[in-house]
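Per-entry structural report
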Amino acid sequence: MSDATASGVRPVGVAVLGMGTVGTEVIRYMTENAEALAARIGAPLALRGVAVRDLTRDRGVDPELLTADPASLVSREDVDVVVELMGGIDVPRPLLLEALRHGKAVVTANKALLAEYTDELAEAADSTRTDLYFEAAVAGAIPVIGPLRRSMAGDQVERVLGIVNGTTNYILSAMGSTGADYAETLAEASRLGYAEADPTADVEGYDAAAKAAILASIAFHSRVTAGDVYREGISRISPDDFASARDMDCTIKLLAICEKLQREDGTEAVSARVYPALLPNTHPLATVNGAFNAVVVEAEAAGRLMFYGQGAGGSPTASAVLGDMVAAARNKVDSGRAPGESTYAALPVASMDEVSTRYHVRMRVADKPGVLALVAAEFSRHGVSIAQVRQTEVEFPESEMDDAEPTAELTVLTHRASERALADTVAALSDQDAVSVITSVIRLEGVDTE
Ligand SMILES: NC(=O)c1ccc[n+]([C@@H]2O[C@H](COP(=O)([O-])OP(=O)(O)OC[C@H]3O[C@@H](n4cnc5c(N)ncnc54)[C@H](O)[C@@H]3O)[C@@H](O)[C@H]2O)c1
Ligand SMILES: N[C@@H](CCO)C(=O)O
Ligand code: NA
């Protein structure tokens, strides 16, 4: 570490890579609350440099500290903690490896990077016995990585169920309350600044899948990467799906689900998946609306815990980053180290075919004798047990009345069944002449009953 201050305490040197939405807030709070942070750490934080792309912009930071070359900061003698808030994978990956190999503690909010490369980052941190912190990478301000890594380190986590993407939760909440369709609501989310210019990572579930990978790895002491996570986005959810959910006292949420599965041979595996699912209105996650996030953790001894709050935005995300910076800086002052990554359990990742859940299947069928029996027979033939069936008559606009055959909409709620059995049932139903279309298949989560 570098020079001592007037009080004789050596400051903890900090380099911040990236000064965008989150980086700007981190530096602002770090400056405004410098005294309080110094008291909590036992030494002041000293900002040694900030990597930015555009050196000409006034950012309220001493221009001497700005550099367009992040590599020049990561191995500097007077830098102890490297805070990465640039985003992306290819640029930060070698920078953070370099920082860790030089013994710098790393704090990052970069879920995309962590969901692919935690292994090599953790290995680099181990090689110099330094820290790798990433609370902000999952559910922004909400403390969830810290509790899983530390507070629950003595328990056996069985399941993690979360709403971990604010953009999609905003869209689904708005669709549920206004009856608007997906495209209209996405446009509104963009207008309000919730959705990014390219919303693909959010609406197609990639962002949530990265977070699910990080959560599953920590919760089950195993290695799960983004590519291991089964993923479906929300773009096919329609106002009719919400109407049908309401009829069942349910809502629809994009869920990240990480759970331990018992395989047929008695061994255990991890399932990590992201998809929009029906959730009973009585479930604690059903009331999480707008851009908020929440994560429910179920563990053997603790039972069910719920973490709720702001999962995105400059200030909330900065809160998590600053918490990690304080912890990392304290460890530098005390020569301590945070709990590292533990993957001792090395559980394999289960395929989606091994997952079983309940399903809500909507289809349009010919409204004539024998059709209900035929549909029921297909479910039965594939070993899928039906829990409820609802039938409504489809009313056609007057202009189409002359050609229209009598048609019914059938809604079938199943008991728990395997993905494979359900997929086979749907394929068989689609081949039936009496079934004109399978309108939607949505899983039902958050119910304890079979
Ligand atoms: N914004 C949020 O709500 C939020 C929440 C949780 C996690 N995160 C994560 O935090 C990170 C930062 O997000 P953000 O919203 O602040 O992004 P941002 O795009 O607003 O900021 C990133 C900044 O990094 C700079 N940058 C990128 N590459 C650079 C390079 N090579 N050299 C110098 N500067 C470079 C960009 O110019 C930009 O100013 C991302 O990994 C993101 O996934 C963001
Ligand atoms: N795009 C993310 C930001 C937080 O990771 C979201 O909507 O939740
Ligand atoms: Na968090």
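Model, not experiment: these values are computed from the prediction.

Regarding the site of ligand 1
Neighbouring residues of ligand 1: 20 residues in total, closest Thr-21, Val-22, Lys-111, Gly-313 and Thr-317. Within the contact set of ligand 1, a nitrogen atom lies 3.4 Å away from a side-chain nitrogen or oxygen of Arg-53. Starting from 820 Å² of accessible surface for ligand 1 in isolation, the protein chains cover 75%.

Observations concerning the environment of Val-107
Topologically, Val-107 is positioned in strand E5 (residues 105–108). What makes Val-107 buried here is its relative accessible area of 1%. The spatial distance from the C-alpha of Val-107 to the C-alpha of Asn-281 is 37 Å, given a sequence separation of 174 residues. In contact with Val-107, other than residues within four places in its own chain, are Val-81, Val-82, Val-83, Glu-84, Tyr-133, Val-321, Asp-324, Met-325 and Ala-328.

A few points about the packing of helix H2 (residues 34–41) against helix H12 (residues 314–334)
Direction vectors running N to C along H2 and H12 enclose 45°, while the axes themselves pass 9 Å from each other. Between H2 and H12, the interaxial angle falls into the category oblique. The two elements H2 and H12 cross, and the hand of that crossing is right-handed. Two secondary-structure elements touch here, H2 through Leu-37, Arg-40 and Ile-41 and H12 through Leu-322, Val-326, Ala-329, Arg-330 and Val-333. In the contact of H2 with H12, the residues fall into six nonpolar, no polar and two charged.

Concerning the site of ligand 2
Taken together, Lys-111, Asn-165, Gly-166, Thr-167, Asp-202, Asp-207, Lys-211, Gly-311 and Ala-312 form the complete shell of residues around ligand 2. A distance of 3.4 Å separates an oxygen atom of ligand 2 from a polar side-chain atom of Asn-165. Contact distances for ligand 2 include 2.6 Å between an oxygen atom and a side-chain N or O atom of Thr-167. Within the complex, 85% of the 250 Å² of free accessible area of ligand 2 lies under protein. Only helix H7 (166–178) and helix H10 (206–219) provide two or more residues apiece to the shell around ligand 2. By residue class, the composition of the shell around ligand 2 is one nonpolar, four polar and four charged.

Thoughts on the sheet that holds strand E4 (residues 81–84)
The strand order E3-E2-E1-E4-E5-E6 describes an open sheet built from six strands, whose pairing is parallel. Among the strands making up the open sheet, the edge pair consists of strand E3 (66–67) and strand E6 (132–133). Inspection of the sheet shows strand E1 (residues 12–17) paired to strand E2 (residues 45–51) by six bridges, in the parallel sense. Considered in E2, the bridge of Leu-17 is made with Ala-51. Across the face of the sheet, helix H1 (residues 21–32) comes into contact with E1 and E2 while running at roughly 155° to E2. Each of E1, E2, E4, E5 and E6 is contacted by H12, which is oriented at about 175° to E5, the strand it contacts most.

Some words on the pairing of strand E17 (residues 435–444)
Consecutive side chains of a regular strand alternate in pointing toward one face of the sheet and then the other. Pairing analysis gives two bridges linking strand E10 (residues 268–280) to E17, with the strands arranged parallel. Each bridged residue has a counterpart across the sheet, and for Leu-278 the counterpart in E17 is Leu-444. One ladder, built from eight bridges, connects strand E13 (residues 356–366) with E17; its direction is antiparallel. Its bridge partner lying in E17, Arg-362 is registered against Ser-440.

Some words on the coordination of the sodium ion (ligand 3)
Bound to the sodium ion (ligand 3) on the protein side are Glu-135 (O), Glu-135 (OE), Val-138 (O), Gly-140 (O) and Ile-142 (O), at distances that span 2.4 to 2.7 Å. The sequence pattern describing where the donors of the sodium ion (ligand 3) fall on their chain is E-x2-V-x1-G-x1-I. You can call Ile-142 buried: its relative accessible area is 2%.

A short note on the nonpolar core
Leu-148, Val-157, Ile-171, Ile-214 and Leu-215 are the most contacted members of the largest nonpolar core, which has 77 residues in total. The element best represented in this core is H10, accounting for 10 residues. Other than its neighbours up to four places away in sequence, Leu-148 contacts Ala-153, Val-157, Leu-215, Ile-218, Ala-219 and Val-297. Within the second largest apolar cluster, 36 residues are counted, among which are Val-22, Ile-41, Ala-328 and Ala-338.

Overview of the UniProt feature "active site" (unreviewed entry) in the protein chain
Residues annotated by UniProt as "active site" (unreviewed entry) correspond here to Lys-211. When you line up the elements, Lys-211 lands in helix H10. You can call Lys-211 buried: its relative accessible area is 5%. With near-sequence residues (within four places) excluded, Lys-211 lies in contact with Lys-111, Ala-137, Val-138, Ala-139, Val-164 and Asn-165.

Focus: the UniProt feature "binding site: NADPH" (unreviewed entry) in the protein chain
Within the UniProt annotation, "binding site: NADPH" (unreviewed entry) is assigned to Lys-111. For Lys-111, the position within the fold is in helix H5 (residues 111–127). Residue classification places Lys-111 among the partly exposed positions, given a relative accessible area of 27%. Excluding anything up to four places from it in sequence, Lys-111 contacts Ala-137, Asp-207, Ala-210, Lys-211 and Ile-214.

What counts and what doesn't
Within each chain, residues carry numbers counting from 1 in the order of the written sequence. Labels are handed out in written order, letters beginning with A for the chains and numbers beginning with 1 for the ligands. Whole-chain, interface and lining totals are the exception, using all residues; otherwise, since this is a predicted model, local features are given only for residues with pLDDT of at least 70 and side-chain atom pairs are given and counted only at 80 or more. The basis for every side-chain value is the complete set of non-hydrogen atoms in the structure, without hydrogens or water. In this text, near means that some heavy atom of the residue lies within 4 Å of the molecule or strand in question. Throughout this description, a polar contact denotes any pair of N or O atoms lying within 3.5 Å of each other; where both atoms belong to protein, one of them has to be capable of donating a hydrogen while the other can accept it, and for residues adjacent in sequence the pair is counted only when both atoms sit in side chains. Computed with a 1.4 Å probe, the accessible areas rest on the Shrake-Rupley method; for each residue, only the protein chains presented here act as cover. Segments assigned H or I by DSSP are reported as helices when at least four residues long, segments assigned E as strands when at least two residues long, and all are numbered from the N terminus. Burial classes: relative accessible area under 20% of the type maximum marks a residue as buried, over 50% as exposed, and values in between as partly exposed (1.4 Å probe, protein chains only). The contact criterion used is simple: two residues touch if any of their non-hydrogen atoms lie within 4.5 Å. Lines are fitted to the C-alpha atoms to define the axes, a helix being fitted only along its stretch in contact, and any angle between axes, read from their N-to-C directions, falls within 0 to 180 degrees. Here roughly perpendicular refers to angles of 65 to 115 degrees, roughly parallel to angles under 35, roughly antiparallel to angles over 145, and oblique to all remaining angles. Left-handed describes a crossing in which the near helix is turned anticlockwise from the far one by less than a right angle; the clockwise case is right-handed. Put simply, Ala, Val, Leu, Ile, Met, Phe, Trp, Tyr, Cys and Pro go in the nonpolar bin, Asp, Glu, Lys and Arg in the charged bin, and everything else, Gly too, in the polar bin. By definition, two strands form a pair when at least two bridges between them are found by DSSP. Keep in mind that water is not among the atoms, so a site may look incomplete; donors are the N, O and S atoms within 2.8 Å of the metal, or 3.2 Å for Na, K and Ca. In this description, a nonpolar core means a group of buried Ala, Val, Leu, Ile, Met, Phe, Trp, Tyr and Cys residues linked to one another through side-chain atoms lying within 4.5 Å. UniProt positions are given in the numbering used here, feature names are shortened, and annotations may be inferred rather than shown by experiment.

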